Amino acid sequence: MQSFRTELENPLVEKDILELERKIALFRQGKIDEEKFRSLRLARGVYGQRQPGVQMIRIKLPYGRVSAAQLRRICKVSEEYSTGRLHITTRQDIQIHHVSLDRTPQLWAELERDDITLREACGNTVRNVTASETAGIDPQEPFDVTPYADATFRYFLRNPICQEMGRKFKMAFSSSDSDTALAYLHDLGFIPKIKKTENQDIRGFKVLLGGGLGSQPRHADAVYDFLEADRLIPFIESVLRIFDRHGERARRHKARMKFLVKDLGLEKFLELIAEEQKALPYQTYPIDATSYEAAQSLPQPPEAKPDEELGLEFDLWKQTNVLPQKQTGYFSIGVKVSLGDFYLDQARALADLVEQYANDEIRFTLRQNLLIRDVREDLIPYFYQELKKINLADRGYNSTGDITACPGTDTCNLGIASSTGIARELEDLLRLEYPEYLNNQDLVIKISGCMNACGQHNMAHIGFQGMSMKVGKTVIPALQVLLGGGNLGDGRGRFADKVTKVPSRRGPAALRLILDDFKSNRSGEDFLSYYDRQGQRYFYDLLKELSDPSTTTAADQVDWGHQEAYEVAVGVGECAGVVIDLVSTLLLEAEEKLDLGAEALAEGRWSDSIYHHYAGLINAAKALLLGEDVSTNSYANIISLFDEHFVQAGKIQLSDSFAKLVYQIQEQEPSETFAKSYATQAGEIYQALKAYRAKEVSA
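Residues numbered from 1 in each chain as written. Predicted model: local features only at pLDDT ≥ 70, side-chain atom pairs only at ≥ 80, totals over all residues. Heavy atoms only, no water.

Chemist: Where do I start with the overall build of the protein in this structure?
Modeler: Scanning the protein from terminus to terminus reveals 23 helices and 22 strands. Its C-alpha atoms give the protein a radius of gyration of 26 Å, near enough to 27 Å, the size a compact globule of 699 residues would have. Counting all 699 residues of the protein, 60% fall into the buried class. Intrachain contacts of the protein at a sequence separation of at least 6 include 69% that bridge at least 24 residues. Entry remark: accessible area of the protein is about 27,700 Å², with carbon and sulfur atoms responsible for 47%. Distance between charge centroids for the protein: 4 Å, based on 84 positive and 101 negative side chains. (Helix = DSSP H or I, 4+ residues; strand = E, 2+ residues; numbered from the N terminus. Rg over C-alpha atoms; globule rule 2.2 N^0.38 Å. Buried < 20%, exposed > 50% of the residue type's maximum accessible area, 1.4 Å probe, protein only. Contact = heavy atoms within 4.5 Å. Areas by Shrake-Rupley, 256 points an atom, 1.4 Å probe, with all protein chains shown as cover. Lys, Arg positive; Asp, Glu negative; His and termini not counted. Charge placed at Lys NZ, Arg CZ, Asp CG, Glu CD.)

Have a look at this one:
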């Protein structure tokens, strides 16, 4: 580990990496519980794989942006620590696989040399802040959302209010009313708007709250038609504080914010947000978009021409893969990356290409592709030639034939059936039998390997979800067929209906039936209108024969991409962390948080200090409750139960109720005076709790 101790310039980052190294050592020595250690490493982007003994590393790339230097750095790390395959996720991250846990601190240190982080890429944290890949170049956008997405990412990275929430939290910024970042299915989604006044145009956002996918998808509520841009960060912080305090922490399947909004009701949730305003460190938080925009420039690369005439194939590619920009004379090139997987030789060639002939920037997309921006019109043929050399010149970018799929059973613990295997088969089917769909961007197909919907199957026009089905005593891989989902724009969307379940091997036949029926019986309608007219039952009857288990054969027992018969092997999922229950571990963690609070106090970060001390008290209280087998399910619940079982019962003497002392954070502004007072009180309360625990253990 010595290699990075003196090379990293950012002391916060260095501390993070050294802490990961220390915790790995403690885990190896058996001094940290496995469940607690899992939570810690997930918040550092280290995720367990289906294969034992190795990790998936998720590299956090806010709004999908990567420079040539950063892409080369990712390649170097993948070459040294992983297998050389880079996987683009539906949240614009990069994942690498089969990494040794003990080498993750060094890997992280290598990435940070080019300002690339793993921090909070997984776990119960604010995940990667996503945005439309066309932000800044979209001809329809009111303004570029990039600086706002960037400010959001930076403000909440390492922020104490969102380090160990009940579940993950996802945010997205769309570039225009087309809502290509899918704001409606996020915990918080933002769509840019302009409010015109007599003197100026004011920037703001339509705000959507409480959306999500998974087994119970929920459409987000529109809470603001227009929220001024300088109120964006304070609003997000207030939402996160409420989620952290009231969100479910025991029943993992009920711990997403969509359930909290549903349970409380939108009106009550907004009341809690209003009550939180006094505690915020900022009532407004101006974001300097002007400086960012002034720094943007268009490249002036040298001329370059292809070596030969390109012909019809180039013309077809240009129809689907070249996008006009709002900058006159410049275009973006969409690169179709099948299932989001590409390799080091391709990535390095891309880095050279964008550095020399574009704007030194690539953005990874929500559909697992990549977008090369700011390409001068005369260079488009040259780009096509160079992309063809590295097998990245397939046409059909963002088309029906460009299928989104999560890794499924390839690497994920939760995968039930192969999503990548069936996706390859369906892409081949479309290319060979339905080439017209390579030009169609109005019909979207998505596939997930399980109900968690990482492949976003339940918001697609045609979706498939990996499942299993019993045929007598045999279990075979299956696909749930879903129809009728889609993005309607401006924060509106619809979720697909579950139609029927078919053996996985019959997935291509199911898609063929659906597309043939659509072609034969539509009357000038789009797919969603056609689906609505025919109805769910119509499609159930259409696919009924394929779903009949009595007609399955031995071939149906083998999943796509496999040779052996199917076997259900679902492990412990890590996509949202775990609940920690060990008393000693929680008390240790409480003390660590108080130490962080003391550090923040010494550095003049009053709000951070207050929240660290608050979190420390909650963890200590939870530890004592668990020591007496009292179940808890939220921070608010911990506070009330601690008063009931310890303070009111006379077991622990405090100067006031635990709730009254803890909830001072709502009643006081985060000033220096209050931060120091709160720190002193927190220390005294913690010592009282620790003394009680020591007495109980001794007894």
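Further notes follow.
Chemist: Explain the confidence of the model for the protein to me, please; I cannot follow it from the model alone.
Modeler: Detailed reading of the predicted coordinates is not advisable wherever pLDDT is low. Residues of the protein with pLDDT of at least 70 account for 96%, and the chain-wide mean is 91. The low-confidence segment residues 570-581, where pLDDT is below 50, has 48 contacts with residues more than four positions distant or belonging to other chains. (pLDDT = per-residue confidence, 0-100.)

Chemist: What is the right way to look at helix H2 (residues 11-28) in this model?
Modeler: Since the α-helix turns once every 3.6 residues, residues separated by three or four places project in the same direction. Here H2 contains 18 residues, and its C-alpha end-to-end distance of 26 Å stays within 8% of the 26 Å for a straight helix at 1.5 Å per residue. Among the residues of H2, Val-13, Glu-14, Asp-16, Ile-17, Leu-20, Lys-23, Ile-24 and Leu-26 are the ones counted as buried. For H2, the capping residue at the N-terminal end is Asn-10, with a side-chain oxygen 2.9 Å from the backbone nitrogen of Leu-12. Immediately downstream of H2, the backbone of Gly-30 shows phi near 80°, a positive value. (Expected span 1.5 Å × (residues − 1). Polar contact = N/O pair within 3.5 Å; in protein donor to acceptor, adjacent residues only side chain to side chain.)

Chemist: Just checking my understanding: could you explain the packing of H2 against helix H3 (residues 34-42) for this structure?
Modeler: Packed helix pairs are specified by the crossing angle of their axes together with the interaxial distance, meaning the distance between the axes. Axis separation between H2 and H3 bottoms out at 11 Å; the angle between their running directions is 160°. Here H2 is positioned roughly antiparallel relative to H3, judged by the angle of their axes. H2 and H3 meet at a crossing whose hand is left-handed. The residues of H3 that touch H2, namely those facing Leu-20, Lys-23, Ile-24 and Phe-27, are Glu-34, Phe-37 and Leu-40. Split by residue class, the contact of H2 with H3 holds five nonpolar, no polar and two charged. (Axes fitted to C-alpha atoms, helices over the stretch in contact; angles between N-to-C directions. Parallel < 35°, antiparallel > 145°, perpendicular 65-115°, else oblique. Left-handed = near helix turned anticlockwise from the far one by under 90°. Nonpolar A, V, L, I, M, F, W, Y, C, P; charged D, E, K, R; others polar.)

Chemist: I'm lost on the sheet that holds strand E2 (residues 55-59) in this one. Help?
Modeler: By way of backbone hydrogen bonds, the strands of a sheet pair with one another, either parallel or antiparallel. Reading across the sheet, the five strands line up as E1-E2-E5-E4-E13 and stay open at both edges, with antiparallel pairing between neighbours. The strands lining the two open edges of the sheet, one partner per strand, are strand E1 (46-48) and strand E13 (341-343). The average angle at which neighbouring strand axes cross in this sheet is 35°, direction not considered. Alignment of strand E4 (residues 85-88) against strand E5 (residues 94-99), held across two bridges, turns out to be antiparallel. Bridge pairing in E5 places His-87 opposite Gln-95. (Pairing = 2+ DSSP bridges.)

Chemist: Help me understand the packing of helix H18 (residues 583-602) against helix H19 (residues 606-627), please; the structure alone is not making it clear to me.
Modeler: For the pair H18 and H19, interaxial distance at closest approach is 8 Å and the crossing angle is 165°. As the angle between them shows, H18 and H19 are arranged roughly antiparallel. When the axes of H18 and H19 are compared, the crossing they make is left-handed. The residue inventory of the contact of H18 with H19, partitioned by class, reads 15 nonpolar, seven polar and four charged.

Chemist: Sorry, what's going on with the side chain of Gln-480 here?
Modeler: Here Gln-480 is to be found in strand E19 (residues 474-483). Separated by 3.1 Å, the side chain of Gln-480 and the backbone oxygen of Thr-500 make a polar contact. When sequence neighbours within four positions are dropped, the list of residues in contact with Gln-480 reads Gly-463, Phe-464, Gln-465, Met-467, Lys-498, Val-499, Thr-500 and Lys-501.

Chemist: Whenever I open this one, the nonpolar core confuses me. Can you help?
Modeler: Generally speaking, soluble globular proteins have nonpolar side chains that are buried together. The biggest cluster of nonpolar side chains holds 86 residues, and the ones touching the most others in it are Phe-169, Phe-173, Leu-188, Phe-205, Phe-642 and Phe-658. Here this core takes 11 residues from H19, the largest share from any one element. Ignoring sequence-local partners within four residues, the contact set of Phe-169 consists of Thr-125, Val-126, Arg-127, Asp-187, Leu-188, Val-239, Leu-240, Phe-243 and Met-257. Grouped together as the second largest cluster of nonpolar side chains are 64 residues, Val-13, Leu-20, Ala-347 and Leu-392 included. (Core = buried A, V, L, I, M, F, W, Y, C linked by side-chain atoms within 4.5 Å.)

Chemist: What should I look at first to understand the sheet that holds strand E8 (residues 188-196) in this one?
Modeler: Taken together, the five strands give an open sheet; going across it, the order is E6-E7-E8-E9-E10, and neighbouring strands pair in mixed fashion. Two strands lie at the open edges of the sheet, namely strand E6 (130-131) and strand E10 (221-228), each paired on one side alone. Pairing between E6 and strand E7 (residues 171-173): two bridges, direction parallel. Looking at E7, one finds that Thr-130 is bridged to Ala-172.

Chemist: Can you help me understand the environment of Leu-392 in this one?
Modeler: Examined against the element boundaries, Leu-392 turns out to sit in the loop between helix H13 (380-389) and strand E16 (404-405). A relative accessible area of 4% means that Leu-392 is categorised as buried. Not counting chain neighbours up to four residues away, the residues in contact with Leu-392 comprise Val-335, Lys-336, Val-337, Gln-346, Leu-350 and Leu-387.

Chemist: Would you mind showing me how to read the environment of Pro-477 here?
Modeler: By the element assignment, Pro-477 lies in strand E19. As a C-alpha pair, Pro-477 and Gln-49 span 428 residues in sequence and 20 Å in three-dimensional space. Sequence-distant contacts of Pro-477, defined by excluding residues within four places in its chain, comprise Ala-417, Met-467, Pro-503, Ser-504, Asp-556, Gln-557, Val-558, Asp-559 and Tyr-566.

Chemist: Help me understand unusual backbone geometry in this model?
Modeler: Generally, phi is negative for residues other than glycine and the peptide bonds are trans, each holding for most cases. One non-glycine residue, Gln-92, adopts positive backbone phi at about 65°. Among the secondary structure elements, Gln-92 is positioned in the loop between E4 and E5.

Chemist: What's the story with the pattern of salt bridges in this structure? I'm lost.
Modeler: Side-chain pairing between opposite charges can occur once the charged atoms of the two side chains come close. This structure, assessed with the given rule, holds 54 salt bridges. Close ionic contact of Glu-293 with Arg-203 constitutes a salt bridge, the shortest N to O distance being 2.8 Å. With a gap of 90 residues between them, Glu-293 in helix H10 (residues 289-295) and Arg-203 in strand E9 (residues 201-209) connect regions that are remote in the sequence. Its salt-bridge partner being Glu-276, residue Arg-245 comes within 3.0 Å of it at the nearest N-O pair. One end of the pair, Arg-245, is in helix H7 (residues 232-246); the other, Glu-276, is in the loop between helix H9 (266-275) and H10, with 31 residues separating them in the sequence. Judged by relative accessible area, Arg-245 falls into the buried class, the value being 1%. The class of Glu-276 is buried, set by a relative accessible area of 0%. Here the residues in one salt-bridge network are Arg-73, Lys-76, Glu-80, Arg-103, Glu-110, Arg-113 and Asp-114, joined through shared partners. (Salt bridge = Lys/Arg side-chain N within 4 Å of Asp/Glu carboxyl O.)

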